[in-house]
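# Structural description and commentary
Chain residues, written in single-letter form:
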Amino acid sequence: KAEPIAAHLRALARRRRKYETLARAASQLADGNEEAADEHVLNVASEQTEQRKSEYFATQEVVWAAIDEERRSRSEGGSRRTGFVYIDRALKNLRAKTMTVIGGTTGSGKSSLMLAMAINQARRGMRIGIVSCEDPEAVWGERVYAHTLDESIGDVDDDKADRASREAVKLPIHFAFELGRPLNDVLRAIRHLVRKSSCQVIYVDYLQAIGDPQ
């Protein structure tokens, strides 16, 4: 019984090496380095037996799909910029299928910065989702008012709040409120924002407020 299991594990290891090498080839091609990409592909080919040639050529489709995804992600990177030069320079713009974590002490302005980035992106036509794990809708309303009016929250009276609210609803920003809820609920809210509202960037505020049933 041990031999079939060992053979299966060897096959899995071989497949893993192959796909890791092909992923490196895709990255090199996306960077325009065809010579290095060819070398990676040849390394894969050299490991293939005659019986596995068809499997090898089938994986070329995986390579080209990865290349297309990488190029599409890079081309969209400019539209995902946050609007803050130093942040965009450090992050190389937000990219698809990545997660960026911003940390800071209580009251340091994490939520305010996040909302400012979201508004900058929404004004460029991006569909933005915000999942709040700590603050209710009223708090976010005040924040949106202040950002839209470019004033501190304490200076926003009822008339200004009404005007800011009318402007805010024009922005393609969609909220989900999962206050203190466990991770599965937060993930469900993220999926809903993507599927229902086609959000291209999702912000979660904030990770430590996600509930832990245990």
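Whatever comes next refers back to the structure up there.
I will try to describe carefully the structure that is included in this document. (Residues numbered from 1 in each chain as written. Predicted model: local features only at pLDDT ≥ 70, side-chain atom pairs only at ≥ 80, totals over all residues. Heavy atoms only, no water.)

### Let's talk about the pairing of strand 3 (residues 201-205)
Residues Val201, Tyr203 and Asp205 point to one face of strand 3 and are all buried, whereas Ile202 and Val204, pointing to the other face, are not buried. Sheet analysis places strand 1 (residues 128-132) next to strand 3, joined by 5 bridges and oriented parallel. By the bridge assignment, isoleucine 128 is partnered in strand 3 with valine 201. (Buried < 20%, exposed > 50% of the residue type's maximum accessible area, 1.4 Å probe, protein only. Helix = DSSP H or I, 4+ residues; strand = E, 2+ residues; numbered from the N terminus. Pairing = 2+ DSSP bridges.)

### Focus: the packing of helix 5 (residues 110-123) against helix 6 (residues 137-149)
Following both chains from N to C, one finds helix 5 and helix 6 inclined at 60°, their axes separated by 10 Å at the closest point. With respect to helix 6, the axis of helix 5 lies oblique. Two packed elements cross with a definite hand, and for helix 5 against helix 6 that hand is right-handed. Counting all contacts with helix 5, which are made through Ser111, Ser112, Met114, Leu115, Ala116, Ile119 and Arg123, the residues of helix 6 involved are Trp140, Arg143, Val144, His147 and Thr148. (Axes fitted to C-alpha atoms, helices over the stretch in contact; angles between N-to-C directions. Parallel < 35°, antiparallel > 145°, perpendicular 65-115°, else oblique. Left-handed = near helix turned anticlockwise from the far one by under 90°. Contact = heavy atoms within 4.5 Å.)

### A few points about the pattern of salt bridges
For side chains of opposite charge, pairing can occur when their charged atoms come near one another. Overall, the coordinates contain 3 salt bridges when judged by the stated rule. Here arginine 188 and glutamate 178 are joined by a salt bridge, their closest N and O atoms 3.1 Å apart. Here the residue arginine 188 occupies a position in helix 8 (residues 183-197), and glutamate 178 occupies one in the loop between strand 2 (173-177) and helix 8, the gap between them amounting to 10 residues. The exposure class assigned to arginine 188 is partly exposed, which follows from its relative accessible area of 42%. Here arginine 181 makes a salt bridge to aspartate 185, at a shortest N to O gap of 2.8 Å. (Salt bridge = Lys/Arg side-chain N within 4 Å of Asp/Glu carboxyl O.)

### A closer look at helix 8
Helical geometry: 3.6 residues make up each α-helical turn, so side chains three or four residues apart lie on a common side. End to end, helix 8 covers 21 Å across 15 residues, agreeing with the expected 21 Å (1.5 Å per residue, within 8%). Among the residues of helix 8, those classed as buried are Asp185, Val186, Ala189, Leu193 and Ser197. Viewed along the axis of helix 8, the buried residues span an arc of 100°, placing them on a single side of the element. Away from its buried face by more than 90 degrees, helix 8 exposes Asn184 and Arg195. At its buried positions, helix 8 is contacted by strand 1, strand 2 and strand 3. (Expected span 1.5 Å × (residues − 1). Arc of directions from axis to C-beta.)

### Observations concerning the environment of cysteine 133
Position of cysteine 133 among the secondary structure elements: in the loop between strand 1 and helix 6. When the C-alpha atoms of cysteine 133 and alanine 209 are compared, they prove to be 5.6 Å apart, with 76 residues separating the residues in sequence. Residues contacting cysteine 133, with those up to four places away along its chain left out, are Glu178, Leu179, Gly180, Val186, Val204, Asp205, Tyr206, Ala209 and Ile210.

### Some words on the packing of aromatic side chains
Scanning the model with the defined rule gives 2 aromatic pairs in all. A centroid spacing of 5.6 Å and a plane angle of 50° characterise the contact between tryptophan 140 and phenylalanine 175, whose relative ring orientation is tilted. Residue tryptophan 140 is found in helix 6, and its partner phenylalanine 175 is found in strand 2; the two are separated by 35 residues along the sequence. Look at phenylalanine 175 and you get partly exposed, because its relative accessible area is 29%. Note on phenylalanine 175 and phenylalanine 177: the rings are 5.9 Å apart at their centroids and 5° apart in plane angle, and the pair reads as stacked. Taken together, the ring pairs in this structure connect Trp140, Phe175 and Phe177 into an aromatic cluster. (Phe/Tyr/Trp six-rings, centres within 6.5 Å; stacked < 30°, edge-to-face > 60°.)

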